[in-house]
Every structure is written in structure tokens, then in C-alpha cells.
Amino acid sequence: MERDKVLGALRREWWVIAIAFLIGLLAGAIPSPKKAADSSALFEATHTLLLTSNDPSGSVSSDTLNPNELTLLTTAGEVPKAVAAKLGESNAALLASEVQVNLDGSNNSLTITARESSGERAVQVVDAFADELATYITSRQDDIRSQRLAAASDRLDALQKSL
């Protein structure tokens, strides 16, 4: 008998239950607001450098440039120091730790990726690393070329004197 009273009440007031169910469903579907401390959006930027060579064989490896060195040169030594100076940062090692460098030997490319709190900053960082790496490599190869030309000139002079 008790059960019949409950079922009768449910049949008469079904619309109240349906409205309560819909209100609960809508309230549960509304996302809760995020706190500023909980949300941290990171922006990623990637700069790709294609490694080319004037070598007739098409090889980008030479005795002056080893592609495997490029990952190290990008994150250690003179390049991060130059990037830090360019961006006005005081800690070059910390700045270098913010980038990831990958060498893809199958297509002779080097990618430099940074994740930063703003998109502009991420682009500035990767572009600065790419520019400074290209400048450093060019300078290094020019120095080696000059040294080799001087050594060849000295050797030529010595050979001409011995004739």
C-alpha cells in the first residue's frame, strides 16, 4: 500500500521530477571557472633551418661542420650567450634550457622549438637562436677558411723558395 502511494505521487508529479532533472543536468554541464593560478597557457614556436652544402656529393658533413655538433652549439657556448645578450637576458644557460633542438638527418634539417608564456616571446627566442647559430657557423667557417688559405699560401711560398 505504501508503495502504491509513492508510485501514484510519482505519476501525478512526474513533471516536477523532469524539471529537477533538467536543472541538475544544466548545472552540471556549466564548467567551473578556472583560477588564474590553475591555468598556464604555453605557446610553442619552431624555427627550422635547412642544412645545405656546396659539396658536389651533396653531403652536409665536412671537416669544418658536423651536423651533430649543431645541437650542442645551439644550446651551449657562444650561441646562447649571444642570444641572451640580444634578448637582454642575464642567464644564458637558463635561456638555453628553454629550447629544444632536434636534428633530422633524413631531410638535413635542424628544428629549434621553444615554449613560452606568450607567442611573441616564443617566436623571439627561437628566431634569436636560429639567427645567432647561423651567424656563429658562418663566422666559424670563414675563420677556418682564412686559416686554411693562409696555411696554403705559406706552403706555396715555401715550395716556391725550395725550387
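You'll find the structure just up there.
Note that the structure is predicted; figures quoted are calculated from it, not measured. Each chain has its residues counted from 1, running along the sequence as written. For a predicted model such as this one, the threshold for reporting local features is a pLDDT of at least 70, and the threshold for listing and counting side-chain atom pairs is 80 or more; totals across whole chains, interfaces and linings nevertheless cover every residue. Side-chain descriptors were evaluated using all non-hydrogen atoms of the structure, hydrogens and water having been removed beforehand.

Draft legend 1. Layout of the nonpolar core. Working definition of a nonpolar core: buried Ala, Val, Leu, Ile, Met, Phe, Trp, Tyr and Cys residues. They are joined through side-chain atoms within 4.5 Å. Remark: exposure states derive from per-residue accessible area (1.4 Å probe, protein chains only) relative to the maximum for the residue type, with buried under 20%, exposed over 50%, and partly exposed in between. Grouped together as the largest cluster of nonpolar side chains are 24 residues, with contacts concentrated most on L70, I112, F129 and L133. We count a stretch as a helix when DSSP gives it H or I for four or more residues in a row; a strand needs E for two or more, and each element gets its number in order from the N terminus. Sorting the residues of this core by element identifies β1 (43–50), α3 (67–75), α4 (78–87), α5 (92–97), β2 (99–104), β3 (109–116) and α6 (119–162) as the ones contributing at least two each. Here this core gets 8 residues from one element, more than from any other, and that element is α6.

Draft legend 2. Fine view of the sheet that holds β2. The antiparallel open sheet is built from 3 strands, whose spatial order is β1-β3-β2. Looking along the sheet, the strands with just one partner apiece sit at the ends: β1 and β2. Strand after strand, the sheet turns through a mean of 20° between neighbouring axes, direction not considered. The pairing criterion is simple: DSSP has to find at least two bridges between the two strands. In this sheet, β3 lies alongside β1 in antiparallel orientation, the contact comprising 8 bridges. By the bridge assignment, H47 is partnered in β3 with I112. The strands touched by α3 within the sheet are β2 and β3, with β2 carrying the most contacts at an inclination of about 170°. Should any heavy atoms of two residues lie within 4.5 Å, those residues are considered in contact. Here an axis means a line fitted to C-alpha atoms, over the contact stretch when the element is a helix, while the angle between two N-to-C directions is reported on a 0 to 180 degree scale. Along the sheet, α6 contacts β1, β2 and β3; its crossing angle with β1, the most-contacted strand, is approximately 20°.

Draft legend 3. Geometry of the environment of E116. Checked against the element boundaries, E116 lands in strand β3. Overall, E116 belongs to the buried group, its relative accessible area being 8%. Here the alpha-carbon distance between E116 and E98, two residues 18 residues apart in the chain, equals 8.1 Å. With sequence-adjacent residues up to four places away left out, E116 is seen in contact with A41, L42, F43, E98, R121, A122 and V125.

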